[in-house]
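# Descriptive structure summary
As a plain string of letters, each chain reads:
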Amino acid sequence: MTVETKGKNQTTFRADQVGSLLRSDVIKTARLQSAAGEITFDQLRKIEDKEIARIVEKQKEIGLQAVTDGEFRRAWWHFDFLENLVGVEGFWSGNGIQFHQKQTKSRAIKVTSKLDFGNHPMLQDYQYLHGVAGDHTAKYTIPSPSMLHFRGEVDGSVYPDEEEFFADLAATYKKAILAFYDAGCRYLQLDDTSWAYLCSEEQKEQLKAKGLNPDYLIKMYLQTLNQAVADRPADLKITMHICRGNFRSTWISSGGYEPVAEQLFGHLNIDGFFLEYDNDRSGGFEPLRFVTRPDLQIVLGLVTSKFGELENKDVIKKRIEEASQFVPLDQLCLSPQCGFASTEEGNLLTEEQQWAKLQHVVDISKEVWK
């Protein structure tokens, strides 16, 4: 069993995961058949149910205590959730998101009416995961509210006052968080790439070229997030994963956490952070000096999900020891640096290598947190 510790109303999983898993061949085939009209939505759903139950059992076998559905019902880590919010529409834009030497499909989102949270399909998705998780924790992942502003187009006639937009966005997410809680969720993760962009001087210059003020974004994103998570139930654990891009084993941004560390670690009222630390693009551990709350969990993403080769255990242990110079070991955990398939295409490794990576995380955690 994975090493875990329990604090006030919270469980800390020393071995954890970001969430997405490589889509199986069965899922990929079924999604193509569904898109072509060869199978019905209900038939697709039954195939997804079976495959999710299979991967949940595999996660249990490996020793993970927090299990996910691998985002098997999604094409994207963010758009599928965001375009099902009231007031948001998805569309094919003609231009994908540019990664390092690769580009995604041309999906995009836009806000066309006032925001709200209604009968969102992922509530049902969560309930199925909750049912097959059994005595394990069903962890669910959704994009951070920042991503709607960062990746979406907002109709100025709907929201001529941007502060009203952010207030409605926070209120929408507050409803979403409580809806997942009512569905049984006790571990919710907010995925966010905007903060990593705000760590990158190159990306900040690109934002400025678009007429955006990075300092203003930091202020408004932090304010919106805190409003969204305020007054949540005491037994609901909310974490955030900060990502520099993950598509077909490529990336977008570079830069350490220093530019946003004080704001995030000192002023964002959540329970933990999943931080990429698998390569030099993520910088050093020094920004962790801003972690002053004794109850804040820092999950070190020291194991890459981009490639299949296993890291040297001793190197990982040494890096955990280095991080513990800034944050007590009791507040640290271990995970891969990202999911294995932020989009349905997935990273460039095999399913067998994926499971080996997660097993590696579990095995190392048992040795570090005895």
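Here is a short report on the structure shown in this document. (Residues numbered from 1 in each chain as written. Predicted model: local features only at pLDDT ≥ 70, side-chain atom pairs only at ≥ 80, totals over all residues. Heavy atoms only, no water.)

## Brief notes about the packing of helix 6 (residues 162–182) against helix 9 (residues 214–229)
What counts is decided by this rule: To obtain each axis, a line is fitted to C-alpha atoms, and for helices this fit is confined to the stretch in contact; angles are then taken between N-to-C directions over 0 to 180 degrees. Only runs of H or I of at least four residues qualify as helices and only runs of E of at least two qualify as strands under DSSP, and these elements are numbered from the N terminus. Left-handed is the label given to a crossing in which the near helix is rotated counterclockwise from the far helix by less than a right angle, and right-handed is the label when the rotation is clockwise. Residues are treated as being in contact if the distance between any of their heavy atoms lies within 4.5 Å. The nonpolar class holds Ala, Val, Leu, Ile, Met, Phe, Trp, Tyr, Cys and Pro. Asp, Glu, Lys and Arg form the charged class, and all remaining residues, Gly among them, are polar.
Viewed as axis vectors pointing N to C, helix 6 and helix 9 meet at an angle of 35 degrees, and their least axial separation amounts to 7 Å. The hand of the helix 6/helix 9 crossing is right-handed. Contact with helix 6, carried on its side by Glu162, Glu163, Phe166, Ala167, Leu169, Ala170, Tyr173, Lys174 and Ile177, involves Tyr216, Met220, Tyr221, Thr224, Gln227, Ala228 and Val229 of helix 9 and no other residues of that element. Residues of the contact of helix 6 with helix 9, tallied by class, amount to eleven nonpolar, two polar and three charged.

## A word on the nonpolar core
So the rule is basically this: Each nonpolar core is a collection of buried residues, namely Ala, Val, Leu, Ile, Met, Phe, Trp, Tyr and Cys, held together in the definition by side-chain atoms within 4.5 Å. Under the scheme applied here, a residue whose accessible area is under 20% of the maximum for its type counts as buried, over 50% as exposed, and between as partly exposed, the area being computed with a 1.4 Å probe on protein chains only.
In this structure, Trp195, Phe273 and Leu288 are the most contacted members of the largest nonpolar core, which totals 101 residues. Apart from residues lying up to four places away in sequence, phenylalanine 273 is in contact with Met240, Ile242, Leu264, Phe265, Leu268, Leu296, Gln297, Ile298 and Val299. Listed in part, the seven residues of the second largest apolar core include Val18, Ala66, Tyr187 and Cys333.

## Examining the pattern of salt bridges
What counts is decided by this rule: Take a side-chain nitrogen of Lys or Arg and a carboxyl oxygen of Asp or Glu: if they are within 4 Å of each other, that pair is a salt bridge.
The tally for this structure, following the rule as stated, stands at 23 salt bridges. A salt bridge links glutamate 344 to arginine 31; the nearest nitrogen and oxygen atoms lie 2.9 Å apart. With glutamate 344 in the loop between strand 14 (332–336) and helix 12 (351–368) and arginine 31 in helix 1 (residues 25–35), this residue pair connects regions lying 313 residues apart in the sequence. Between glutamate 57 and lysine 60 there is a salt bridge; the shortest N-O distance is 3.2 Å. Of the two residues, glutamate 57 and lysine 60 are both situated in helix 2 (residues 41–62); the distance of three residues between them amounts to about one turn of the helix. Each member of the salt-bridge network shares a partner with another, and the members are Arg31, Arg45, Glu48, Asp49, Arg73, Asp125 and Glu344.

## Concerning the packing of aromatic side chains
Remark: the centre distance and the inter-plane angle together describe each pair of aromatic rings, the angle taken between the planes. Worth spelling out the cut-off: The aromatic pairing rule takes the rings of Phe, Tyr and Trp, using the six-membered ring of Trp, and pairs them if the centres are within 6.5 Å, calling planes under 30 degrees apart stacked, those over 60 edge-to-face and the rest tilted. Whether a charge sits over a ring depends on NZ of Lys or CZ of Arg being within 6 Å of the ring centre and within 35 degrees of the ring normal.
According to the stated counting rule, one finds 13 aromatic pairs in the structure shown. Geometrically, the ring pair formed by phenylalanine 81 and tyrosine 173 is tilted, given 5.9 Å between the ring centres and 55 degrees between the ring planes. One end of the pair, phenylalanine 81, is in helix 3 (residues 79–82); the other, tyrosine 173, is in helix 6, and 92 residues separate them in sequence. Ring geometry for phenylalanine 265 against phenylalanine 273: centres 5.2 Å apart, planes inclined by 75 degrees, an arrangement best described as edge-to-face. Taken as a pair, phenylalanine 265 and phenylalanine 273 share a single burial class, namely buried. Three or more aromatic residues joined by ring pairs make a cluster, and in this case those are Tyr159, Phe165, Phe166, Trp195 and Tyr221. A cation over an aromatic ring shows up here: arginine 107 above the ring of tryptophan 92, its NZ or CZ 4.6 Å from the ring centre.

## Structural notes on the pairing of strand 10 (residues 187–192)
So the rule is basically this: Pairs of strands are assigned from DSSP output, requiring at least two bridges between the strands.
Within strand 10, six of the six residues are buried, which leaves it mostly tucked inside the rest of the structure. Where burial is concerned, the two faces of strand 10 agree: the one with Tyr187, Gln189 and Asp191 and the one with Leu188, Leu190 and Asp192 are both buried. Sheet topology note: the strand 8 (residues 137–143)/strand 10 ladder contains five bridges and is parallel. Across the sheet, residue tyrosine 140 finds its bridge partner in strand 10, namely leucine 188. Across six bridges, strand 10 lies against strand 11 (residues 237–242) in parallel orientation. The partner of tyrosine 187 across the bridge, within strand 11, is lysine 237.

## Quick look at the pairing of strand 7 (residues 107–116)
Summarising the sheet, strand 4 (residues 86–92) and strand 7 pair through six bridges and their orientation is antiparallel. Bridge pairing links tryptophan 92 to arginine 107 in strand 7. In this sheet, strand 9 (residues 152–154) lies alongside strand 7 in parallel orientation, the contact comprising three bridges. Of the residues in strand 9, the one forming a bridge with isoleucine 109 is glycine 152.

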